[in-house]
Amino acid sequence: MDEAIKLLKEHNLLRVIDQEVDIDLEIPHIAYIEVKKSDSKALLFTKPVSKRLDKKFDTPVLMNVFGSDEATNLFIGRDADEIASEIESLLKMKPPSSLAEKFGMFSQLFKLKNVFPKRLKKRGASQEFVAQGASVNLYDIPILKTWSEDGGPFITMGQVYTQSLDGEVKNLGMYRLQDSAVFFNQYKEAGKKMPVSIAIGGDPLYTWAATAPLPHGLFELLMYGFIKGESAKLVKSLTNEIWVPEDADFVIEGWVDPTKMEIEGPFGDHTGYYTLEEEYPVMNVSCITHKKDPVYLATVVGKPPLEDKYMGWATERIFLPLLKTTAPDLIDYVMPENGVFHNLIIAKMKTAYPGHAKQFMHVFWGVGQMSFVKHAIFVNDDAPDLEDYEALSDY
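Across the sheet, three strands lie side by side as β5-β10-β11; this open sheet has mixed pairing. The sheet is open, and its two borders are formed by β5 (118-119) and β11 (243-245), each paired with just one other strand. Relative to strand β10 (residues 233-236), β5 runs parallel, the two sharing two bridges. Its bridge partner being in β10, K118 is matched across the sheet by K233.

As a further point, take the pattern of salt bridges. Once the charged atoms of two side chains with opposite charge are near each other, the side chains can pair. Throughout the structure, instances matching the rule amount to eleven salt bridges. Note that R52 and D24 form a salt bridge whose closest N and O atoms lie 2.8 Å from each other. Of this pair, R52 sits in the loop between β2 (42-50) and β3 (55-56) while D24 is found in the loop between β1 (14-22) and α2 (26-35), placing the two residues 28 residues apart along the sequence. Take R52: its relative accessible area is 44%, and that puts it in the partly exposed class. We note a salt bridge from D249 to K291, for which the minimum N-O separation is 3.9 Å. Remark: K291 occurs in the loop between β15 (278-290) and β16 (296-298) and D249 occurs in the loop between β11 and β12 (250-264); sequence separation between them is 42 residues. Look at K291 and you get buried, because its relative accessible area is 13%. One salt-bridge network, in which partners are shared between bridges, spans R15, E34 and K37.

Let us now look at the nonpolar core. L62, W208 and Y296 are the most contacted members of the largest nonpolar core, which totals 101 residues. When residues of this core are assigned to their parent elements, the largest contribution, six residues, is made by helix α8 (residues 221-228). Leave out the neighbours within four places in its chain, and L62 touches M1, I5, L14, A42, L43, L44, V295, Y296, L297 and A298. Core analysis: the second largest hydrophobic core is formed by six residues, I346, A383, L386 and L392 among them.

This part takes up a negative patch on the surface. Taken together, the side chains of D2, E3, E10, E128 and D293 make up a negatively charged region of the molecular surface. Assessed through its relative accessible area of 55%, D293 is described here as exposed.

Moving on: the packing of aromatic side chains. Overall, the coordinates contain eight aromatic pairs when judged by the stated rule. Aromatic side chains Y333 and F364 sit 5.9 Å apart centroid to centroid with 45 degrees between the ring planes, which places their arrangement in the tilted category. Residue Y333 is located in strand β17 (residues 330-334), and its partner F364 is located in helix α11 (residues 356-365); the two are separated by 31 residues in the primary sequence. Relative to F378, the ring of F360 has its centre 6.2 Å away and its plane inclined at 85 degrees; by these criteria the two rings are edge-to-face. Remark: F378 occurs in strand β19 (residues 375-379) and F360 occurs in helix α11; sequence separation between them is 18 residues.

Read across the open sheet, the six strands follow the order β6-β15-β12-β9-β7-β8; overall the sheet is antiparallel. Strands at the two margins of the open sheet, each flanked by one partner only, are β6 (129-132) and β8 (170-173). Going from strand to strand, the sheet's axes swing by 35 degrees on average, the running direction of each strand aside. The pairing of β6 with β15 spans four bridges and is antiparallel. Note on β15: the bridge partner recorded for F129 is H290.

Here the focus is the pairing of β15. As judged from the eleven bridges shared by β12 and β15, these two strands associate in the antiparallel manner. Among the inter-strand pairings, E253 is bridged to a residue of β15, identified as C287.

At a minimum axis separation of 11 Å, helix α1 (residues 2-10) and helix α3 (residues 69-76) run at an interaxial angle of 135 degrees. Taken together, the axes of α1 and α3 are oblique relative to one another. Note on packing geometry: the crossing formed by α1 with α3 is right-handed. For the pair α1 and α3, contact is made by A4, L7 and L8 and by A71, L74 and F75, respectively.

The terminal C-alpha atoms of helix α9 (residues 307-318), which comprises twelve residues, lie 17 Å apart, in line with the 16 Å expected from a rise of 1.5 Å per residue. Among the residues of α9, those classed as buried are E307, Y310, M311, G312, A314, T315, E316, R317 and I318.

Before going further, it helps to spend a moment on the environment of F184. By secondary structure assignment, the location of F184 is in helix α6 (residues 184-190). In the structure, F184 is positioned 97 residues away from P281 in sequence and 8.8 Å away in space, judged by C-alpha atoms. Other than its neighbours up to four places away in sequence, F184 contacts M194, V256, P258 and P281.

Cut-off values and rules
Residues numbered from 1 in each chain as written. Predicted model: local features only at pLDDT ≥ 70, side-chain atom pairs only at ≥ 80, totals over all residues. Heavy atoms only, no water. Pairing = 2+ DSSP bridges. Helix = DSSP H or I, 4+ residues; strand = E, 2+ residues; numbered from the N terminus. Salt bridge = Lys/Arg side-chain N within 4 Å of Asp/Glu carboxyl O. Buried < 20%, exposed > 50% of the residue type's maximum accessible area, 1.4 Å probe, protein only. Core = buried A, V, L, I, M, F, W, Y, C linked by side-chain atoms within 4.5 Å. Contact = heavy atoms within 4.5 Å. Patch = residues over 30% accessible without salt bridge, like charges linked within 9 Å, V, L, I, M, F, W, Y side chains within 5 Å. Areas by Shrake-Rupley, 256 points an atom, 1.4 Å probe, with all protein chains shown as cover. Lys, Arg positive; Asp, Glu negative; His and termini not counted. Charge placed at Lys NZ, Arg CZ, Asp CG, Glu CD. Phe/Tyr/Trp six-rings, centres within 6.5 Å; stacked < 30°, edge-to-face > 60°. Axes fitted to C-alpha atoms, helices over the stretch in contact; angles between N-to-C directions. Parallel < 35°, antiparallel > 145°, perpendicular 65-115°, else oblique. Left-handed = near helix turned anticlockwise from the far one by under 90°. Expected span 1.5 Å × (residues − 1).

In structure tokens, the structure reads:
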């Protein structure tokens, strides 16, 4: 996170808090208030403590890295509409009919060489310090408890790396942890433990990429390479076969036993309510590695607007061309923060026949976390701007 912190400082988007602040409720509460301001900044807590554990941490806590449009654009590195335009041009690419078009296509394809992650043979900065066996202790990391009735501390900015049973398909997701179960059923049916590695920190774009609604089977770090213009550099986990970013601040490695389930929760969620206690798979930690001077990255999960407001806006713009590949009559869409993003979608479309909107709804349901959409409003192409809610209500 060192480069991210430096970048935030250079753009006056960071506030440093040098007083001792508790990881239980206090740090998340301060971050929750900050992100709702019109001039919101990232917060670096240099002296996190835990009264509950009677412990002081050497690891700073960084919050609200995506706490504004400016910060989000800073980490994405370029205009979201520009990225969307590049994706659209690639999707519409046709066989060249002239020498000039051949050179143009070669230029476009040459850029794609940096899309694919690069595997390093040596250890990365994320593996400078290693804890295994009896020295593994998650309480050495300043993991936050956000809400008073939460079942315990939760990792909220974890990049969860998993792979299919045959190792061919890789996946990166961002889930609250304690729970995560991508490919879980494959391992359960085979009676095998599932390898999982959780990276925290590093380039903030890893975290955004973890939320990207890519089609099934496409590794989310491909989007990192496409946006960044350089390959994500990966190193192999020390105790399983998962590859993770070499510059992550922390990596938590382990295995999930499909036969073991335990009660998790409650958890304060986006809706303003607690999710109920339920049984979830258990991850047994086999190793924790980290940088020499790591920073713990976290976010607040709660009623919007929070960081996901700004992360969601970038996702909206960048993935419009991909949605159009399966819904070509789609003109535009928005995921309002009022609906906690993936719970509500408003889309503008060119209606071709009765029931056309139903087809669109199934397209949205088939894309990543959009499967959680509960309410969808579709309007014709002559409708007002989708973000003018008052005009839309009168439409």
